[in-house]
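# Survey of secondary and tertiary structure
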Amino acid sequence: MSLDTAVVAKAARLARLEMDEGRLDYFAGQLTRILGFIDTLSAVNTDDVLPLANVSDITLSLRADTVTEGNQAANILANAPESAENFFVVPKVVE
Amino acid sequence: MAELIEGRTGTWEIVIGMEVHAQITANSKLFSGASASFGGAPNNNVSFIDAGFPGMLPTLNAYCVEQAVRTGLGLKAQINQTSVFERKNYFYPDLPTGYQISQFQHPIVGTGIIEIDLPNGVTKSIGVTRLHLEQDAGKSIHDMHPTKSYVDLNRAGCALMEIVSEPDIRGADEACAYLSKLRMILRYLGTCDGNMEEGSMRADVNLSLRRLGAKEYGTRCEIKNVNSIKAVQQAIAYEAQRQLEILEDGGTINQETRLWDPNKMETRSMRSKEDAHDYRYFPCPDLLPLILDMTEVERIKATLPELPDDKKHRFMGDYGLSNYDAGVLIAERVRADYYEDVAKGRDAKLAANWVINELLGGLNKADLELDASPITAAQLGGLIDLIANNTISGKIAKDVFAEMFATRQDAAKIVEDKGLKQVTDTGAIEALVVAVLAENPNEVAEYRGGRDKLFGFFVGQVMKKSAGKANPTLINDLLKKHLGDIG
Amino acid sequence: MSLTDLTIADALTKLKAKEISAVELTQAHLDACAAHRDLNALITETPDLALKAAQEADKRYAAGQPMPLDGIPIAVKDLFCTKDVRTTAASRILDNFIPPYSSTVTKKLESSGTIMVGKANLDEFAMGGSNTTSAFGPVINPWQRDGKPDIKLVPGGSSGGSAAAVAARMAMGATGTDTGGSTRQPGSFCGIVGVKPTYGRCSRFGIIAFSSSLDQAGCFTRTVTDGALMLEAMSGHDPQDSTSAARDVPQWARNLNANVKGLRVGIPREYRVDGMPAEIEKIWEQGIAWLKAAGAEIVDITLPHTQYAVATYYIIAPAEASSNLARYDGMRYGVRVEGENLVKTYEKTRAKGFGDEVTRRIMIGTYALSSGYYDAYYIKAQKVRRLIANDFTAAFQHCDVILAPTAPESAFAIGENADDPVKMYLCDVFTIPASLAGLPAMSVPAGLDSQGLPLGLQVIAKAWDEQTMFNVAKAIEDAAALDVLPHLLRKAA
Ligand SMILES: [Mg+2]
Ligand SMILES: [Zn+2]
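The following refers to the structure shown. (Residues numbered from 1 in each chain as written. Chains lettered and ligands numbered in written order. Predicted model: local features only at pLDDT ≥ 70, side-chain atom pairs only at ≥ 80, totals over all residues. Heavy atoms only, no water.)

## Notes on the overall build of chain B
So the rule is basically this: Only DSSP runs of H or I with at least four residues qualify as helices, and only runs of E with at least two residues qualify as strands; both kinds are numbered from the N terminus onward. Between the two quantities, the radius of gyration covers C-alpha atoms and the globule rule is 2.2 Å times the number of residues to the power 0.38. Here the term buried applies to any residue with accessible area under 20% of the maximum for its type, exposed to any over 50%, and partly exposed to those in between, with areas from a 1.4 Å probe on protein chains only. Should any heavy atoms of two residues lie within 4.5 Å, those residues are considered in contact. The charge count includes Lys and Arg as positive and Asp and Glu as negative, but it does not include His or the ends of the chains. Where a charge lies is defined by one atom per residue type: Lys uses NZ, Arg uses CZ, Asp uses CG and Glu uses CD.
Along its length, chain B carries 15 helices and 18 strands. Here the C-alpha atoms of chain B give a radius of gyration of 30 Å, more than 25% beyond the 23 Å that 2.2 N^0.38 yields for 487 residues. Overall, the C-alpha framework of chain B stretches about 95 × 55 × 50 Å when taken along its three principal axes. In chain B, which comprises 487 residues, the share counted as buried stands at 55%. Excluding contacts between residues fewer than 6 apart, the proportion of contacts in chain B whose partners are at least 24 apart in sequence is 68%. Across chain B, the mean location of the 54 positive side-chain charges is 2 Å away from that of the 67 negative side-chain charges.

## Overview of the coordination of the zinc ion (ligand 2)
All names here are of chain B. What counts here: A donor here means an N, O or S atom no more than 2.8 Å from the metal, or no more than 3.2 Å when the metal is Na, K or Ca. Since water is not included, a site may seem to lack partners.
Only His21 (NE2), Glu134 (OE) and Glu162 (OE) from the protein reach the zinc ion (ligand 2) as donors, at distances of 1.9 to 2.1 Å. One chain supplies every donor to the zinc ion (ligand 2), and in sequence these donors are spaced H-x112-E-x27-E. The distance between the zinc ion (ligand 2) and the magnesium ion (ligand 1) is 4.1 Å. Note that His21 is positioned in strand S2 (residues 11–23) and Glu162 in strand S11 (residues 159–165), a separation of 141 residues in sequence. Both residues of the pair, His21 and Glu162, belong to the buried class.

## Remarks on the environment of C:Phe205
One can find C:Phe205 in the loop between strand S5 (193–196) and strand S6 (216–221). Beyond its immediate sequence surroundings of up to four residues, C:Phe205 is in contact with B:Gly55, B:Met56, B:Leu57, C:Ser103, C:Thr104, C:Asp238, C:Gln240 and C:Asp241.

## Some thoughts on the interface of chain A and chain C
The condition that has to hold: We define buried area as the total accessible area lost by two parts upon association, computed with a 1.4 Å probe and summed across both. In what follows, salt bridge is the name for a side-chain nitrogen of Lys or Arg lying within 4 Å of a carboxyl oxygen of Asp or Glu. Side-chain atoms alone can form a polar contact between residues adjacent in sequence; in general such a contact is a pair of N or O atoms within 3.5 Å, and within protein one must be able to donate a hydrogen while the other accepts it. When residue character is reported, Ala, Val, Leu, Ile, Met, Phe, Trp, Tyr, Cys and Pro are called nonpolar, Asp, Glu, Lys and Arg charged, and the others, Gly included, polar.
Between chain A and chain C, the contact holds 54 residues from the first and 67 residues from the second. Summed over both partners, the interface of chain A with chain C buries about 5200 Å², with 65% contributed by carbon and sulfur atoms. When the buried area of chain A at its contact with chain C is split by residue, A:Glu18, A:Leu52 and A:Asn79 rank highest and sum to 13% of it. For the pair chain A and chain C, the number of links is 5 salt bridges. Across the pair A:Arg13 and C:Glu347 runs a salt bridge whose closest N-O atoms are separated by 3.8 Å. Across the contact surface, chain A and chain C share 18 residue pairs in polar contact (both at pLDDT 80 or more). Taken together, the elements giving at least two residues each to the side of chain A that touches chain C come down to helix H1 (5–14), helix H2 (21–38) and strand S3 (87–91) of chain A. For the side of chain A that touches chain C, the residue count by class is 35 nonpolar, 9 polar and 10 charged.

## Topic: the side chain of C:His36
All names here are of chain C. One can find His36 in the loop between helix H2 (22–35) and strand S1 (42–45). On the basis of relative accessible area, His36 is assigned to the buried category, the value being 16%. Not counting the four nearest positions on each side in its chain, His36 is found in contact with Ala168, Met170, Leu488 and Leu489.

## Remarks on the state of the cysteines
Residue and element names in this part refer to chain C. We apply this condition: Only a pair of cysteine sulfur atoms within 2.5 Å qualifies as a disulfide here.
By the definition in use, this model includes 0 disulfides over all chains. Considering cysteine sulfurs only, Cys202 is the nearest to Cys81, which forms no disulfide, with 16 Å between them. Residue Cys202 stays outside any disulfide, its sulfur separated by 7.9 Å from that of Cys219, the closest cysteine. Using a relative accessible area of 0% as the deciding quantity, one classes Cys202 as buried.

## Structural notes on the packing of aromatic side chains
Filter applied, for reference: Between 30 and 60 degrees the pair is tilted, below 30 it is stacked and above 60 it is edge-to-face, where a pair is any two Phe, Tyr or Trp rings, Trp via its six-membered ring, whose centres lie within 6.5 Å. Whether a charge lies above a ring is judged from NZ of Lys or CZ of Arg, which has to be within 6 Å of the ring centre and within 35 degrees of the ring normal.
As enumerated under the stated definition, the model contains 33 aromatic pairs over all chains in all. Both rings, one in A:Tyr26 and one in A:Phe27, keep their centres 5.0 Å apart while their planes meet at 75°; by these two values the pair is edge-to-face. Between B:Trp354 and B:Phe401, the ring centres sit 5.8 Å apart and the planes meet at 45°, which makes this aromatic pair tilted. Of this pair, B:Trp354 sits in helix H8 (residues 348–366) while B:Phe401 sits in helix H10 (residues 394–407); the two residues are 47 residues apart in sequence, bridging distant segments of the chain. For the pair shown, B:Trp354 and B:Phe401 are each scored as buried. Through a chain of ring-to-ring contacts, the aromatic side chains of B:Phe48, B:Phe53, C:Phe97, C:Tyr101, C:Phe125, C:Tyr328, C:Tyr333 and C:Phe354 assemble into a single cluster. One residue, B:Lys88, lies across the ring of B:Tyr279, its end atom 4.4 Å from the ring centre. Positioned above the aromatic ring of C:Trp284 is the side chain of C:Arg272, whose terminal nitrogen or guanidinium carbon lies 4.5 Å from the ring centre.

## Looking at the interface of chain A and chain B
Listed per partner, the contact involves 39 residues of chain A and 57 residues of chain B. Together chain A and chain B conceal approximately 4000 Å² of surface at their shared face, both sides included; 58% is due to carbon and sulfur atoms. Counting across the interface, chain A meets chain B through 2 salt bridges. The partner of A:Glu82 in a salt bridge is B:Lys148, with the nearest N and O atoms 3.0 Å apart. Taken together, the connections running from chain A to chain B amount to 23 residue pairs in polar contact (both at pLDDT 80 or more). Counting residues per element, the ones that place at least two in the side of chain A that touches chain B are H1, strand S1 (62–63), helix H3 (73–77) and S3 of chain A.

## Topic: a nonpolar patch on the surface
Residue and element names in this part refer to chain C. Our working definition: Only residues whose relative accessible area exceeds 30% and that form no salt bridge enter a patch; like-charged residues are grouped when within 9 Å of one another, and nonpolar side chains (Val, Leu, Ile, Met, Phe, Trp, Tyr) when within 5 Å. All accessibility values rest on the Shrake-Rupley procedure with a 1.4 Å probe; residue burial counts only the protein chains present in the view.
On the surface, a cluster of nonpolar side chains totalling about 210 Å² of accessible area is made up of Leu448, Leu482 and Val484. Along the chain, Leu482 falls in the loop between helix H15 (466–480) and helix H16 (487–490). For Leu482, a relative accessible area of 38% gives the class partly exposed.

In short, shape yes, function no, at least from these values alone.
Here's what the structure looks like:
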């Protein structure tokens, strides 16, 4: 199986990674190689096998509904590339 | 009928499914300990978890889970013992982690039912497909800078219930009735305050048209930002017309997400959703499956309040109220409770009249909510007691009510202070009757000549002479006696 | 003996006896950090904070109330958030990030009295097995091929800086994280102990996530006893991590017992892979012989799905990573590269911010989760993951612990293995299965190969049975009785 660059471009677009033609070609080659290796999994019979998302045998514990954090806008914004009036400032969002 | 729309080539049916996002009433957010309260200075109710900082992990709020279960039970829905949080992946500046933690394949609540009440008195069942828990996004503000958006994450991470209906809704009236009923149920349950202005309840409308009688659904559009009952009405009217024109011209509907613009009164295609989205849902590896303790579910069920439909039927059955009156009284849980306090041990229909006509009318005029009412249920009951035991007439009672509304005083005190006590002394009333008849000889003659209608005139005159305080039954009896005597 | 050659256990004895001070011990390690800057083991050095903390430790010793690891200098992998100290994940995208909070593990270490000398280099976002993907440049292994000091060798990865720092005596211990072998393989390459506990033993809170269902904090030390001491300080339930287990932390160091008499040691036959170098085979046989001589019962076991573990891992880990790394978008923290609109800003920020290996994995993960491929890749991999976990459950019916090589090779030269990602990924063939099963596993130095490079053996135990893992590792450590310094330190010695 060989991935064409359109498929790679779609993944790059979904992942918000800018890629020029050269990079798309490069990653098409890399992904083809890796996915070819991964396709060895198709040899495994997994009929009637349940997917395993997490090995943990514990049950999800829940938190009490109390307010424990907040009033720290300065800390939240301290690393922001751009901020104003306690807002994060980002390039204009198009609806 | 509003569920149909007429075109040049025929009649079309407006088919609607609704997705309602209801913010859960809770102190803290779904996955963090930041406050879930509305408003506040920008980015003040934000934890590092909500802001998607490196290494931060979600922990699930137990009360939000309980609220979702409570809502599911209120919708008579299937409660799923195991549900799974998944990540819905997309980039947006008000979505700090780059994914929304939601439930996809395994929601906490499955199918349920909402009975809606239509204006013609008919009720209709709308299927609920599912209810799932998810986190809210922050807010992007676009009008503070020409080329920048400002992002406030206070709302990011607040708990939402997304309640999805089947495409069982037809037309705008049903859609409004559905939204109103859902809002009422959530408010009864105390799981969402239903405040659409503050965004704690937001509706997406999925709308398609099909020719009347057709079995297949047409292609639908999802309309977002429909955030008031009025907007539901307007957006559906606009969108149905838009689709109608395309279809009647032989065109096809593009399945897309559209935005309702309440200023321009139109829906328009959302450019940000133009890419066919591929959300890449997968189980959130930071959270294990949520497994409910079913004895806890039973406990919640046992403490569920009486819900609007049950209450309405009980009011009609136990109190003999009309469908309309019962509907008005159960619209809000506090209103129904108020009514029942008034009606307890009293004439239930009389109580309903006083609550609906005088109290709710008065509050409405004064622009007050019931919880700010100047007259308590006990006080209104006291007033009705005075009518029932003939202390005052219904007419005087209205004056007393106005005085109570203005001064917050008890009815008995007002009656006492103003000397409004009804006159039940037969001798005193008889004297007034005799006097009235004597003063109006012509009318007496006409009455005797067959003008029965004049009886009311005599009643009014006697009442007037008594300054409204004479007992009307006694006036009636004595007038009949004297008019008959003479005759 | 130099202060930097002390083990943690010995240093604690001397500190308690007031033979040495925490400030002296810390200063000696800070000097070593300065002397070995060419190794590029640390991204950020924190000498001022370290000395201040050491003074506090000395006060506690003076007051007779020291904390369990008081005054012990450690390095912290730069994947653990440390309050007010730059934390980069070795990525350009977090070049300027200063967390306003600390990870639970580093908090625990701090409240045990350890002294942080700096933030250790790593593969970018812990993705790699050679520490060559760091935006801050590769880390150099203090070990060299005998007689070939010009060939710079990798320390392994992803926790390469941590391992190199401990091997070069810049720190007495270091934190690492292990997603598919990132503590065990560098431990083997650097001739030190590398420990990964059971999944859920250490909190992941505040550790920059790579693959949440696999990531576990671990540690590097030069002895098994030290590894037990350090892991104790790092472990424990944390309500801020929903996958952290509410289990008591045993006193592994105190209960350490190298007596393996009667213990059933499983030898997985599938780990004898085609083309395994004879020297790896030899060290494994040596380990088996030592344990047998010590009275252990050697049991042949089967882990039939072993050959599928690497492929399984390279779906699950990138899939989770593609989502975990979505937050690095230049909006709230980190580096932003402006584009002509929002989407371009995202795309440029992430393209410039991430290196090739991270990009590769985000691409695989995005592809594997995208519609049309989800079942074929992601769900399939999760199913095979279950089969791999089941293999271990079945095997542990017949044995108490498993012995295997840590890596199929010794440290290789920087630039080797870089041409083919699959070849690189296959280096993790022995470490990935235990990661997929969430089991505790560690690498313990067992010997040197013909080039004079260290080789480790891997001990894999049942979930939550770190004690047996440490005990067996201790038996190997005792039998191997290695007393060889890395080449870099020899002329100084
Ligand atoms: Mg939706
Ligand atoms: Zn939603």
